[in-house]
Amino acid sequence: MKKKDFLTLYGLGKEDFDGILDRAERLKSLHRNGISYRPLAGRTLGMIFDKPSTRTRLSFEVGMFQLGGIALFLSRRDIQLGRGETVGDTAKVMSRYLDVVMIRTFAQELVEEFARNATIPIINGLTDLLHPCQIASDIFTIREHFGSYEGIKIAYIGDGNNVANSWLNAAAMLPFYLSLACPEGYDPDRAILDRAQRESHGRVELHRSPLDAVRGARVIYTDVWASMGQESEREERAKVFQSYQVNEKLVQSAAEDAVVMHCLPAHRGEEITDDVLDGRRSVVMEQAENRLHVQKAILEMLLEGETSE
Ligand code: CP
Ligand code: NVA
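As the structure is a computational prediction, the values presented were derived from the model and not from experiment.

## Notes on the site of ligand 1
Move 1: The full set of residues close to ligand 1 is Ser53, Thr54, Arg55, Thr56, Arg104, His131, Gln134, Cys263, Leu264 and Arg291.
Move 2: A distance of 2.8 Å is found between an oxygen atom of ligand 1 and a side-chain nitrogen or oxygen belonging to Thr56.
Move 3: The separation between a nitrogen atom of ligand 1 and a polar side-chain atom of Gln134 is 2.8 Å.
Move 4: The protein chains hide 95% of the 260 Å² of surface that ligand 1 would expose on its own.
Move 5: Among the cavities detected, the one that contains ligand 1 is the largest pocket.

## Side note on the site of ligand 2
Move 1: For ligand 2, the full set of nearby residues is Leu126, His131, Asn161, Asn162, Asp223, Val224, Ser227, Met228 and Leu264.
Move 2: The contact in question runs from a nitrogen atom of ligand 2 to an N or O atom on the side chain of Ser227, over 2.8 Å.
Move 3: Between an oxygen atom of ligand 2 and a main-chain N or O atom of Met228, the distance comes to 2.8 Å.
Move 4: In this structure the site holding ligand 2 corresponds to the largest pocket.

## Let's talk about helix α1 (residues 14-32)
Move 1: In this model α1 runs 27 Å from its N-terminal to its C-terminal C-alpha over 19 residues, within 8% of the 27 Å that 1.5 Å per residue would give.
Move 2: Along α1, the residues classified as buried are Phe17, Asp18, Ile20, Leu21, Ala24, Leu27, Lys28 and Leu30.
Move 3: Where α1 is buried, its residues contact α5 (132-146), α6 (162-173) and α12 (284-302).
Move 4: Taken from the residues just after α1, Gly34 is the one with a positive phi, measuring 70°.

Cut-offs used in this document
- Residues numbered from 1 in each chain as written.
- Chains lettered and ligands numbered in written order.
- Predicted model: local features only at pLDDT ≥ 70, side-chain atom pairs only at ≥ 80, totals over all residues.
- Heavy atoms only, no water.
- Near = heavy atom within 4 Å.
- Polar contact = N/O pair within 3.5 Å; in protein donor to acceptor, adjacent residues only side chain to side chain.
- Areas by Shrake-Rupley, 256 points an atom, 1.4 Å probe, with all protein chains shown as cover.
- 1 Å grid on protein atoms, 1.4 Å probe; cavity = no way out; pocket = protein on both sides within 12 Å on 5 of 7 lines; lining within 4 Å.
- Sits in = over half its atoms within 2 Å of the grid points.
- Helix = DSSP H or I, 4+ residues; strand = E, 2+ residues; numbered from the N terminus.
- Expected span 1.5 Å × (residues − 1).
- Buried < 20%, exposed > 50% of the residue type's maximum accessible area, 1.4 Å probe, protein only.
- Contact = heavy atoms within 4.5 Å.

What follows is the structure, given as structure tokens:
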């Protein structure tokens, strides 16, 4: 049987994706009811981090523990990969010890090379290009809040970054509407955008004006203007993105029942105001919590066949 990976949402398929959300819902309910469920007893997750993390590390580490397994935090600084051991050798060796690996790094190609060389499932925990675990979990939050993600209009305001690219990959596969507003020069990845526009049959739009993007939207989503690795551009970006702030005025222009989402960490006062982030429309903390339940569902799915409830 071919091993499964979770490197991108693209190509996953609606049925498999909905299956992950259904399992996440079940796992959340078990957890909320204090029911212990440990199908991954004796299993080990390795977590390679080239960039910082709060939510991704916590959700995978705690999630693996709750499922009965253990997780190892492997900072690049502390493993031989950081001293020039090849990605291929690292992947092959880790496959002999571990059951699954999650990687957060810069280049998407590194994660793909790792996956090609590994004989165990590999999870993309964020690259410069994509953040599939985040968007899977965000769609879970939307489904939980509205009962379904189908037909919902989501407005993504800000930088055409890894988060925006993964939204586009999701829109190519799932029947929701995605309306992005990005300043010129900060669009999402061109190939991913074109493919999403083609495959979504008109459900994806790119605007320059945030007001145009949020009209009729039931989800307003934003992310930082300078992602990890772009710290030196922060000041310049703050100027370019000034009119892309998610504030009360913008929220007022969306649907009456609109919710506000942010993957976090936020730069309060830049891409989002305090009153909106902490306000009654915000589902940001539910969103953060749901990473845990969805990460558990992904781990279970990747190791499935060897586990059953
Ligand atoms: N949203 C997210 O991935 O958060 P961390 O960078 O804290 O993992
Ligand atoms: N776009 C952000 C997401 C952080 C979770 C970054 O890459 O830094």
